[in-house]
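Read off the chains here:
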Amino acid sequence: MDPAVSYSQNDCKTLYSPATVIEVGQDPTLVKDYVVWSIFNLVNMNCCCLGLIALFYSVKSRDQKHSKNLTSARDYGETAKRFNIASTVISVIVIVIILAVYITSFIAMLQQIQRGP
(Lines give C-alpha, C1' and ligand atoms only; values in the text may rest on other atoms or scores of the structure.)
Protein backbone atom coordinates (compact mmCIF):
# COMPACT_ATOMS: atom_id res chain seq x y z
CA MET A 1 0.00 0.00 0.00
CA ASP A 2 1.34 3.43 -0.96
CA PRO A 3 1.91 5.60 2.16
CA ALA A 4 0.74 8.77 0.40
CA VAL A 5 -2.61 7.25 -0.56
CA SER A 6 -5.41 6.39 1.82
CA TYR A 7 -8.49 4.41 1.02
CA SER A 8 -11.88 5.43 2.35
CA GLN A 9 -14.89 3.21 2.92
CA ASN A 10 -16.18 3.51 -0.64
CA ASP A 11 -12.77 2.75 -2.18
CA CYS A 12 -12.09 6.33 -3.28
CA LYS A 13 -8.47 7.31 -3.25
CA THR A 14 -7.61 10.32 -1.13
CA LEU A 15 -4.19 11.80 -1.63
CA TYR A 16 -2.44 13.48 1.23
CA SER A 17 1.08 14.62 1.73
CA PRO A 18 2.71 13.70 5.00
CA ALA A 19 3.89 16.60 7.11
CA THR A 20 7.57 16.64 7.85
CA VAL A 21 9.00 19.10 10.32
CA ILE A 22 12.63 19.92 9.87
CA GLU A 23 14.26 22.07 12.50
CA VAL A 24 16.88 24.22 10.89
CA GLY A 25 19.42 25.72 13.22
CA GLN A 26 22.16 28.16 12.43
CA ASP A 27 24.76 26.86 10.05
CA PRO A 28 28.04 26.56 11.97
CA THR A 29 30.03 27.12 8.80
CA LEU A 30 28.74 30.71 8.67
CA VAL A 31 30.63 31.61 11.84
CA LYS A 32 34.01 32.92 10.77
CA ASP A 33 37.01 32.32 12.98
CA TYR A 34 39.72 34.13 10.91
CA VAL A 35 42.44 31.57 11.73
CA VAL A 36 44.30 32.00 8.43
CA TRP A 37 44.39 35.79 8.77
CA SER A 38 45.58 35.43 12.37
CA ILE A 39 48.38 33.07 11.37
CA PHE A 40 49.42 35.48 8.61
CA ASN A 41 49.52 38.36 11.09
CA LEU A 42 51.44 36.24 13.59
CA VAL A 43 54.09 35.17 11.08
CA ASN A 44 54.45 38.28 8.93
CA MET A 45 53.14 41.29 10.79
CA ASN A 46 53.27 40.55 14.50
CA CYS A 47 53.09 44.17 15.59
CA CYS A 48 52.79 44.51 19.38
CA CYS A 49 51.91 40.77 19.56
CA LEU A 50 48.45 41.53 18.17
CA GLY A 51 48.80 38.61 15.77
CA LEU A 52 49.30 36.24 18.70
CA ILE A 53 46.26 37.64 20.52
CA ALA A 54 44.19 37.36 17.35
CA LEU A 55 45.30 33.75 16.90
CA PHE A 56 44.29 33.01 20.50
CA TYR A 57 40.76 34.35 19.90
CA SER A 58 40.55 32.59 16.54
CA VAL A 59 41.34 29.23 18.11
CA LYS A 60 38.81 29.87 20.87
CA SER A 61 36.23 30.72 18.22
CA ARG A 62 36.96 27.51 16.34
CA ASP A 63 36.70 25.46 19.54
CA GLN A 64 33.33 27.02 20.37
CA LYS A 65 32.15 26.39 16.82
CA HIS A 66 33.02 22.70 17.07
CA SER A 67 31.21 22.43 20.40
CA LYS A 68 28.09 24.00 18.77
CA ASN A 69 28.18 27.15 20.93
CA LEU A 70 27.63 29.55 18.04
CA THR A 71 27.07 32.76 20.01
CA SER A 72 30.40 32.46 21.82
CA ALA A 73 32.07 31.41 18.58
CA ARG A 74 30.71 34.49 16.84
CA ASP A 75 31.85 36.77 19.70
CA TYR A 76 35.37 35.31 19.74
CA GLY A 77 35.50 35.52 15.95
CA GLU A 78 34.55 39.20 15.98
CA THR A 79 37.22 39.89 18.61
CA ALA A 80 39.79 38.05 16.49
CA LYS A 81 38.74 40.11 13.48
CA ARG A 82 39.22 43.35 15.41
CA PHE A 83 42.70 42.32 16.56
CA ASN A 84 43.58 41.26 13.01
CA ILE A 85 42.42 44.60 11.61
CA ALA A 86 44.44 46.49 14.24
CA SER A 87 47.53 44.37 13.58
CA THR A 88 47.27 44.80 9.82
CA VAL A 89 46.70 48.56 9.98
CA ILE A 90 49.50 49.20 12.46
CA SER A 91 51.91 47.01 10.51
CA VAL A 92 51.10 48.72 7.20
CA ILE A 93 51.60 52.14 8.82
CA VAL A 94 54.97 51.03 10.25
CA ILE A 95 56.05 49.64 6.87
CA VAL A 96 55.07 52.89 5.11
CA ILE A 97 57.00 54.95 7.68
CA ILE A 98 60.09 52.75 7.33
CA LEU A 99 59.93 52.98 3.54
CA ALA A 100 59.51 56.77 3.70
CA VAL A 101 62.54 57.13 5.99
CA TYR A 102 64.59 54.81 3.79
CA ILE A 103 63.66 56.64 0.58
CA THR A 104 64.31 60.10 2.02
CA SER A 105 67.68 59.03 3.43
CA PHE A 106 68.59 57.44 0.08
CA ILE A 107 67.66 60.67 -1.75
CA ALA A 108 69.68 62.71 0.75
CA MET A 109 72.66 60.40 0.26
CA LEU A 110 72.43 60.76 -3.55
CA GLN A 111 72.30 64.55 -3.24
CA GLN A 112 75.34 64.47 -0.95
CA ILE A 113 77.25 62.35 -3.47
CA GLN A 114 76.35 64.72 -6.33
CA ARG A 115 77.60 67.75 -4.43
CA GLY A 116 80.92 66.14 -3.81
CA PRO A 117 83.23 66.34 -0.81
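Residues numbered from 1 in each chain as written. Predicted model: local features only at pLDDT ≥ 70, side-chain atom pairs only at ≥ 80, totals over all residues. Heavy atoms only, no water.

Asks: Where do I start with helix α3 (residues 70–115) in this structure?
Replies: Three or four residues apart is the spacing at which side chains of an α-helix point the same way, because the helix has 3.6 residues per turn. The end-to-end C-alpha distance of α3, which contains 46 residues, comes to 67 Å, matching closely the 68 Å that a straight helix rising 1.5 Å per residue would cover. Taken as a whole, α3 has its buried residues at Leu70, Ala73, Gly77, Ala80, Asn84, Ser87 and Ser91. At its buried positions, α3 is contacted by α1 (35–43) and α2 (50–66). Following α3 by one or two positions, Gly116 adopts a phi angle in the positive range, close to 90°. (Helix = DSSP H or I, 4+ residues; strand = E, 2+ residues; numbered from the N terminus. Expected span 1.5 Å × (residues − 1). Buried < 20%, exposed > 50% of the residue type's maximum accessible area, 1.4 Å probe, protein only. Contact = heavy atoms within 4.5 Å.)

Asks: Where do I start with the packing of α1 against α2 in this structure?
Replies: Pairs of packed helices are described in terms of their axes, by the angle between the two and the distance that separates them. Two numbers describe how α1 lies on α2: the axes approach to 8 Å, and their chain directions differ by 160°. On the basis of the axis angle, α1 is roughly antiparallel to α2. Considering only the axes of α1 and α2, their crossing is left-handed. When α1 is examined against α2, the residues Val35, Ser38, Ile39, Asn41 and Leu42 are found in contact with a partner set consisting of Gly51, Leu52, Ala54, Leu55, Ser58 and Arg62. Considered class by class, the residues forming the contact of α1 with α2 number six nonpolar, four polar and one charged. (Axes fitted to C-alpha atoms, helices over the stretch in contact; angles between N-to-C directions. Parallel < 35°, antiparallel > 145°, perpendicular 65-115°, else oblique. Left-handed = near helix turned anticlockwise from the far one by under 90°. Nonpolar A, V, L, I, M, F, W, Y, C, P; charged D, E, K, R; others polar.)

Asks: I would appreciate a short explanation of the side chain of Ser91 in the present structure.
Replies: Checked against the element boundaries, Ser91 lands in helix α3. Not counting chain neighbours up to four residues away, the residues in contact with Ser91 comprise Met45 and Cys47.

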